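Single-letter residue listing:
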Amino acid sequence: MSVATLIGYLGSALVVASLSMRSILKLRIIGLAGAFTFVAYGYLIDAWPIVLTNVVIVGIQLAFLREILTAEEYFRLLEVRPDSPYLDVFLDRYGSEIAKIWPDFSQEEASGRLTIFVLRDLVPAGLFVANVTRPSVLELRVDFVIPGYRDFKIGRHLYHSGSLLERGFTRITAVPKSSRTADYLRRMGFGIETEDSGGTSFALDLEPGGGRQDQRR
């Protein structure tokens, strides 16, 4: 099999992979890689229509990427009651997916609970649920972001904008049930607090000076 044929297969695989992405950012990045690959493929087989078409696609993908990466986004935390009708609708839609990530979460345990939707450009894209274990300490029960918004911006705003600190909370603890969730918490700045047979406990101390509750990025 020739090098050109292998490059053609790689380009095809990248295009197919891009179409399976739920994240628009990932779709654009992988689609851009696929277009670059097809430019090389077209050049190697002397197929200039393929080259020209994919040069145009590269330009389009770069324009969309620039728009995504430079867009000024609006974030806001919207606290709701644990018996909120919209929360019921949200959990009815995403409850099974949330249960895979946070299997210990139960909607019925509503006493002493903080429930927040993270609005991103007014879309309720993230759900944060925590138990108030002490006046200034939260025990994380759910941190979930809907498909299409999983680029860590919601988590960064939630934990590092100062929004939770403004509500009087200075510390968040969590016991993740999967390595994927543990990796996410580390990425958000959580550190390991204890390790025992019951699992690994993480904690994040919220620092002042993060920003305002209504924030554009």
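Structural notes, computed from the coordinates.

Criteria and cut-off values
- Residues numbered from 1 in each chain as written.
- Predicted model: local features only at pLDDT ≥ 70, side-chain atom pairs only at ≥ 80, totals over all residues.
- Heavy atoms only, no water.
- Phe/Tyr/Trp six-rings, centres within 6.5 Å; stacked < 30°, edge-to-face > 60°.
- Helix = DSSP H or I, 4+ residues; strand = E, 2+ residues; numbered from the N terminus.
- Lys NZ or Arg CZ within 6 Å of the ring centre and 35° of its normal.
- Polar contact = N/O pair within 3.5 Å; in protein donor to acceptor, adjacent residues only side chain to side chain.
- Contact = heavy atoms within 4.5 Å.
- Buried < 20%, exposed > 50% of the residue type's maximum accessible area, 1.4 Å probe, protein only.
- Arc of directions from axis to C-beta.
- Axes fitted to C-alpha atoms, helices over the stretch in contact; angles between N-to-C directions.
- Parallel < 35°, antiparallel > 145°, perpendicular 65-115°, else oblique.
- Left-handed = near helix turned anticlockwise from the far one by under 90°.
- Patch = residues over 30% accessible without salt bridge, like charges linked within 9 Å, V, L, I, M, F, W, Y side chains within 5 Å.
- Areas by Shrake-Rupley, 256 points an atom, 1.4 Å probe, with all protein chains shown as cover.
- Salt bridge = Lys/Arg side-chain N within 4 Å of Asp/Glu carboxyl O.
- Lys, Arg positive; Asp, Glu negative; His and termini not counted.
- Charge placed at Lys NZ, Arg CZ, Asp CG, Glu CD.

**Regarding the packing of aromatic side chains**
Part 1: On inspection of all chains with the given rule, the structure shows eleven aromatic pairs.
Part 2: Ring centres of phenylalanine 38 and tyrosine 41 lie 6.1 Å apart, and the angle between their planes is 80°; this geometry places the pair in the edge-to-face category. Residue phenylalanine 38 and its partner tyrosine 41 are both found in helix H2 (residues 24-44); the two are separated by three residues, about one turn of the helix.
Part 3: Every member of this aromatic cluster is reached through a ring pair, and the members are Tyr86, Phe90, Tyr94, Phe117 and Phe144.
Part 4: Stacked on the ring of phenylalanine 64, the Lys or Arg arginine 28 has its end atom at 4.0 Å from the ring centre.
Part 5: Lying across the ring of phenylalanine 152, arginine 187 places its NZ or CZ 3.8 Å from the centre.

**What about the side chain of arginine 113?**
Part 1: Looking at the secondary structure, you find arginine 113 in strand S2 (residues 113-120).
Part 2: There is a polar contact of 2.9 Å between the side chain of arginine 113 and the backbone oxygen of serine 106.
Part 3: What arginine 113 contacts, discounting residues up to four positions off in sequence, is Pro82, Phe105, Ser106, Gln107, Val129, Ala130, Asn131 and Arg141.

**Looking at helix H7 (residues 179-187)**
Part 1: Within H7, burial applies to Thr181, Ala182, Tyr184 and Leu185. Within H7, the buried residues cover an arc of 160° as seen down the axis, which keeps them to one side. Pointing more than 90 degrees away from the buried face of H7 are the exposed residues Ser179, Arg180 and Arg187.
Part 2: Buried residues in H7 make contact with helix H4 (85-101), strand S4 (137-145), helix H5 (153-160), strand S5 (171-174) and strand S7 (199-205).
Part 3: Two residues or fewer past H7, glycine 189 is found with a positive phi of approximately 105°.

**With respect to the packing of helix H1 (residues 3-19) against H2**
Part 1: The N-to-C vectors of H1 and H2 enclose an angle of 160°; their axes lie 8 Å apart at closest approach. In terms of axis orientation, H1 runs roughly antiparallel to H2. Here the hand of the crossing between H1 and H2 comes out left-handed. On H2, the residues that touch Ala4, Thr5, Ile7, Gly8, Leu10, Gly11, Ser12, Leu14, Val15, Ala17 and Ser18 of H1 are Leu27, Ile30, Gly31, Ala33, Gly34, Thr37, Phe38, Ala40, Tyr41 and Leu44.

**Points about a positive patch on the surface**
Part 1: Taken together, the side chains of Lys26, Arg156, Arg180 and Arg187 define a basic patch exposed on the protein surface.
Part 2: The residue arginine 156 is located in helix H5 in this model.

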